[in-house]
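# Observations on chain architecture
Take a look at the letters that make up each chain.
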Amino acid sequence: MLPSHLNGHSALGRRRPRLSAAAASGDSAAAGVGAAAPLEEHDRIYFQSYSHLGIHEAMIKDRVRTDAYHTAIMCHQKFIEGKVVLDVGCGTGILSVFCARAGAKRVYAIEASEIAVQAREIVKANNLIDQVVVIHGRVEDVDLEEKVDVIISEWMGYMLLYESMLPSVLFARDKWLKPGGLILPSHATLFMAPITNPERYEGSVDFWHDVYGINMSALVPLAKKFTSEEPSIETIGGENVISWPAVFKHIDCYNFTAEEFKSITTKYKVSSMMLAPIHGFGFWFEVEFNGPAESSHNFPSNLDPLEIIQKKRRRSSEDTVLSTAPEDEPTHWQQTILYFPDPIEVKQDQIIEGSVTVSQSEENPRFLNIHLECTSIRTLASLPYALVLVQQHRRTDIGEGLRHAMNWCFYTFIVAGVPCQRSYSLQKGIGSEELKTGFQISLMEAEFLLFMQIFV
Ligand code: SAH
């Protein structure tokens, strides 16, 4: 059992709280801020943190993020053209400007923090005042004169849910979105997997055994406590991840509710792909930008890897996905790691299972409480076909879309117990050594393996 709290002083602040008042003022004849309830202290601090330019600079310079939004807007240009858009939390107004340039008739750019003042100037400087209406206030308090066709928002915090901004988007959806309207992003999935990170553990904990020749082991218990009591935001690589990820939660923004957001519990069960010490669990997310009709991309919550591979495969190359996975290009979200105080040794194919609950903190709904249980670690009778090649699984030279498919394919091969020789021979002359280090596999071969896996 590993309870963990995301509190206000953790390293988890994409926004750094600083105290000062966040005023709210409307500025448009067509729309404005109604009788706003006074901000609660936690919201005042939260919005204050967004009045600092540094946060917006970090987000905008995150090209993976900003490009994904730009691409998604352009992909949906036909839907956006001539329509009314609501940008929930417009910040500097960048997404509103993208939408206006994509042909939106009108964009309501709502921002509760002081950066709204600059957003308005940016809109003016780009000659978009006829299209973009900046409203300085909380989306919960604004009055619009019309319903909207599109809601766009960049609401994701660390570990997806941190900051609890999603309920504001859901509020806007229920109040202002026309039936059949578009929500960008439309779907979000939070993944989790056990990770090994010996360097990090040695650097933070074992380090104290010998410091300049001084035995400082007395600090080891403190170091373990310090390392494990708060989630750590850091970038790990695919090689740190020792099982296929489990889906912690799949959110369909067209249907999800703020009530569901309050507390989410998921059972997980994964199988280690190698003999390694587990140092904790890593979490990362991806968001998709689909229309309401494509809501069937749902990941099952029972974490069946075969189902996940099939769902991922159904994605067309035109689908825009913003991924923060360890094997993908790093983003400012990095990954969130929950470290154990002590590592747990696991063997290949060993099952790791338990449950995780993520809930909004009662004292401050912007923060999260995380409760992670690793209730059962047991060794299965080892499978007869130990495919060592799967141990180096994350980095591949093949295209984005198929990488996951191929990885999953190897995994399910093991589960299905497909004989070693057979899977080797399927790979046409690619030796195990080569596979171990490079996964040089052609697209066709990966497709073929996937096909085999499904029909074996
Ligand atoms: N859309 C911008 C900023 C994203 S950060 C961009 O993509 O660069 C999220 C922004 O939403 C912050 O500026 C924050 O102050 C704002 N925000 C969060 N909750 C809000 C709410 N309920 N009403 C209005 N603005 C909100």
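Residues numbered from 1 in each chain as written. Predicted model: local features only at pLDDT ≥ 70, side-chain atom pairs only at ≥ 80, totals over all residues. Heavy atoms only, no water.

Note the cis peptide between L184 and P185, where omega equals -5 degrees. Within the element layout of this structure, P185 appears in the loop between β8 (177-184) and β9 (187-195). The backbone phi angle of S164 is positive, close to 50 degrees, even though this residue is not glycine. As for its position among the elements, S164 is in the loop between β7 (148-153) and α7 (166-176). Given a relative accessible area of 6%, S164 falls into the buried group. One non-glycine residue, D349, lies in the positive phi region at around 70 degrees. Relative to the helices and strands, D349 is located in the loop between β15 (335-346) and β16 (351-360). (Helix = DSSP H or I, 4+ residues; strand = E, 2+ residues; numbered from the N terminus. Buried < 20%, exposed > 50% of the residue type's maximum accessible area, 1.4 Å probe, protein only.)

Here the focus is the site of the ligand. By nearness alone, 21 residues border the ligand, and R65, G89, E111, V139 and E140 come closest of all. In isolation the ligand offers 570 Å² of accessible surface; the protein chains occlude 100% of this area. For the shell around the ligand, the elements supplying multiple residues, two or more each, are α1 (41-49), α2 (53-61) and α5 (94-101). Grouping the amino acids of the shell around the ligand by side-chain chemistry returns 10 nonpolar, 6 polar and 5 charged. (Near = heavy atom within 4 Å. Areas by Shrake-Rupley, 256 points an atom, 1.4 Å probe, with all protein chains shown as cover. Nonpolar A, V, L, I, M, F, W, Y, C, P; charged D, E, K, R; others polar.)

With that settled, consider the sheet that holds strand β3 (residues 84-88). Across the sheet, which stays open at both edges, the 5 strands sit in the order β5-β4-β3-β7-β8 with parallel pairing between neighbours. In this open sheet, the two edge strands, each paired with only one partner strand, are β5 (132-136) and β8. For this sheet the average axis-to-axis angle between neighbouring strands, irrespective of direction, equals 20 degrees. Taken strand by strand, α5 contacts β3, β4 (106-111), β5 and β7, and its axis lies near 180 degrees from that of β4. Along the sheet, α7 contacts β3, β7 and β8; its crossing angle with β8, the most-contacted strand, is approximately 155 degrees. (Pairing = 2+ DSSP bridges. Axes fitted to C-alpha atoms, helices over the stretch in contact; angles between N-to-C directions. Contact = heavy atoms within 4.5 Å.)

Our next topic: the confidence of the model for the protein. With 69% of its residues at a pLDDT of 70 or more, the protein shows a mean pLDDT of 78. For the stretch residues 1-13, pLDDT sits under 50, and the model shows 47 contacts to residues farther than four places along the chain or on other chains. (pLDDT = per-residue confidence, 0-100.)

Bringing the nonpolar core into the picture now. In this structure, L86, L160 and L161 are the most contacted members of the largest nonpolar core, which totals 96 residues. Shared between two domains, this core holds at least three residues of each, these being domain 1 (21-184) and domain 2 (188-455). I236, W284, A325 and I337 belong to the second largest nonpolar core, which has 10 residues in total. (Core = buried A, V, L, I, M, F, W, Y, C linked by side-chain atoms within 4.5 Å. Domains from an automatic or database assignment.)

This part covers the packing of aromatic side chains. Taken as a whole, this structure holds 9 aromatic pairs when the rule is applied. With a centroid separation of 5.5 Å and an interplanar angle of 85 degrees, the aromatic rings of Y46 and Y50 are classed as edge-to-face. Judged by its relative accessible area of 9%, Y46 falls in the buried class. Taking relative accessible area as the criterion, Y50 reaches 7% and is therefore assigned buried. Ring-pair connections join several aromatic residues into one group, and the members of that group are Y46, F47 and Y50. (Phe/Tyr/Trp six-rings, centres within 6.5 Å; stacked < 30°, edge-to-face > 60°.)

Here we come to the side chain of T324. Within the secondary structure, T324 sits in the loop between β14 (321-323) and β15. A polar atom in the side chain of T324 sits 2.8 Å from the backbone oxygen of F285. Contacts of T324, omitting those with residues within four sequence positions, involve W284, F285, T331, W333, Q334 and Q335. (Polar contact = N/O pair within 3.5 Å; in protein donor to acceptor, adjacent residues only side chain to side chain.)

What follows covers α5. The element α5 is extensively covered by neighbouring structure, given that 6 of its 8 residues are classed as buried. Within α5, burial applies to L95, S96, V97, F98, C99 and A100. At its buried positions, α5 is contacted by α3 (63-75), α4 (77-80), β3, β4, β5 and β7. One or two steps after α5, the chain reaches G103, where phi turns positive at roughly 105 degrees.

In this section: helix α9 (residues 220-229). Since the α-helix advances by 3.6 residues per turn, residues separated by three or four positions end up pointing in the same direction. For α9, the set of buried residues is V220, A223, T227 and S228. Taken down its axis, α9 places every buried residue within 115 degrees of arc, on the same side. Facing away from the buried surface of α9 by more than 90 degrees, the exposed residues are P221, L222 and F226. (Arc of directions from axis to C-beta.)

Examined against the element boundaries, S359 turns out to sit in strand β16. By relative accessible area, which is 16% here, S359 ends up buried. Sequence separation of S359 and T265 is 94 residues, and the distance between their C-alpha atoms is 8.4 Å. Among residues more than four places away in sequence, those in contact with S359 are K262, S263, F367, L368 and N369.

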